[in-house]
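Structural overview for review
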Amino acid sequence: MSFLSPTLRTDRLRLRAFAESDADALWALHSDAHVLRYWDSPPWTDRERPAKFVAACHQMVADGTGIRLAVDRADDDTFIGWCSFNSWNPEFRSASLGYCYTESSWGHGYATEAAGAVLAWAFDTLDLNRVQAEADTRNVGSARVLEKLGFVREGTLREDCIVNGDVSDSWVYGLLRREWAAPR
């Protein structure tokens, strides 16, 4: 089942489908070794990657497996990153959440705000019961975002990533519908 990629708005952000015109901003984000130091793949070195990324975003929507939305600041339309809802399984009523942001946007609450909008859309639209997320155990900022959203740390995937010879662990987080609906 496919669905339309939504445009979501918050007080400070606009989340929208990716376009080919996002290639330079995507390149800047995903080729930054500092931003991707806790990522599960190395920084991009191939200039074809942005086009493949955008195509994969559109395919995800067409396949009905999820969405990956560009996140822009509403006041100046500056691209600051992306937020995704993927691996949607309608039978299990589950999915995964992911995100990546420019270093200049860190510490402003944008990741929490954007992920909150995506989660609200997903819980309301797709009758979800569970959303899962993972964060490198060294990425305290990402863990903080998930915990602000109500995610519960459920365990550790030991040595689950090896990127350029660097072995790392990941925390697994879960958020259930009843926890999302609970007042925060």
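See the structure printed just above.
My aim in this report is to walk through the structure given alongside it, one point at a time. Bear in mind the structure is a predicted one, so any value in this text is a computation, not a measurement.

Turning next to the sheet that holds strand β2 (residues 13-17). Taken in spatial order, the eight strands line up as β1-β2-β3-β4-β5-β6-β8-β7 in an open sheet, and their pairing is mixed. What marks the edges here is a single partner per strand, and that holds for β1 (8-9) and β7 (152-163). Pairing of strand β5 (residues 94-101) with strand β6 (residues 130-136), which is carried by three bridges, proceeds in the parallel orientation. Counted as the bridge partner of Ser96 is Gln132 from β6. This element, helix α1 (residues 23-30), spans β4 (79-89) and β5 of the sheet and lies at about 85 degrees to β4. On top of the sheet, helix α3 (residues 110-126) reaches β1, β2, β3 (67-73), β4, β5, β6 and β8 (166-176); it is set at about 30 degrees to β4, its chief contact.

If charged atoms from side chains of opposite charge come close, those side chains can pair. Under the criterion given, the structure shown has 15 salt bridges. A salt bridge links Asp77 to Arg14; the shortest N-O distance between them is 3.5 Å. Linking Asp77 in the loop between β3 and β4 with Arg14 in strand β2, this pair joins segments that are 63 residues apart in sequence. Between Asp72 and Arg16 there is a salt bridge, with its nearest N and O atoms 2.6 Å apart. Placement of Asp72 in strand β3 and of Arg16 in strand β2 is noted, with a sequence separation of 56 residues between them. Overall, Arg16 belongs to the buried group, its relative accessible area being 13%. Each member of the salt-bridge network shares a partner with another, and the members are Arg14, Arg16, Asp22, Asp72 and Asp77.

Each parallel crossover has a hand, and the one from β5 via α3 to β6 is right-handed. Across seven bridges, β6 lies against β8 in antiparallel orientation. For Arg130, the partnering residue across the bridge sits in β8 and is Leu176.

Here the focus is the side chain of Thr102. Within the secondary structure, Thr102 is located in the loop between β5 and α3. With a relative accessible area of 16%, Thr102 lands in the buried category.

Within soluble globular proteins, side chains that are nonpolar generally end up buried alongside one another. Membership of the largest hydrophobic core comes to 40 residues, with the highest contact counts inside it found for Phe85, Leu97, Leu119, Leu128 and Phe151. Among the elements of the structure, β2, β3, β4, β5, α3, β6, α4 (140-148) and β8 are those that each provide at least two residues to this core. Per-element accounting of this core gives the leading share, 11 residues, to α3. Ignoring anything within four residues of it in the chain, the contact list for Leu97 reads Cys83, Ser84, Ala115, Val118, Leu119, Val131, Gln132, Ala133, Leu146 and Phe151. The next biggest cluster of nonpolar side chains, apart from the first, holds 14 residues, and it includes Leu29, Phe53, Val54 and Phe79.

It is worth spelling out α4 at this point. Buried residues of α4: Ser142, Ala143, Val145 and Leu146, and no others. Angularly, the buried residues of α4 cover 155 degrees about the axis, an arc narrow enough to put them on a single face. Against the buried residues of α4 lie β5, α3, β6 and β8. Of the residues flanking the end of α4, it is Gly150, one or two places downstream, whose phi is positive at about 100 degrees.

Right, let's talk about the packing of aromatic side chains for a bit. Summed over the entire model, instances satisfying the criterion amount to eight aromatic pairs. Their ring planes at 20 degrees and their centres at 5.6 Å tell us that Phe123 and Trp180 sit as a pair that is stacked. Residue Phe123 is located in helix α3, and its partner Trp180 is located in helix α5 (residues 177-181); the two are separated by 57 residues in the primary sequence. Residue classification places Trp180 among the buried positions, given a relative accessible area of 16%. In textbook terms, an aromatic cluster arises when at least three aromatic residues are bridged by ring pairs, as seen for Phe18, Trp39, Trp44, Phe53, Phe79 and Trp82. The side chain of Arg68 reaches across the aromatic face of Trp82, ending 5.1 Å from its centre.

Each value, and the rule that gives it
Residues numbered from 1 in each chain as written. Predicted model: local features only at pLDDT ≥ 70, side-chain atom pairs only at ≥ 80, totals over all residues. Heavy atoms only, no water. Pairing = 2+ DSSP bridges. Helix = DSSP H or I, 4+ residues; strand = E, 2+ residues; numbered from the N terminus. Contact = heavy atoms within 4.5 Å. Axes fitted to C-alpha atoms, helices over the stretch in contact; angles between N-to-C directions. Salt bridge = Lys/Arg side-chain N within 4 Å of Asp/Glu carboxyl O. Buried < 20%, exposed > 50% of the residue type's maximum accessible area, 1.4 Å probe, protein only. Right-handed = clockwise from strand over helix to strand, strands pointing away. Core = buried A, V, L, I, M, F, W, Y, C linked by side-chain atoms within 4.5 Å. Arc of directions from axis to C-beta. Phe/Tyr/Trp six-rings, centres within 6.5 Å; stacked < 30°, edge-to-face > 60°. Lys NZ or Arg CZ within 6 Å of the ring centre and 35° of its normal.

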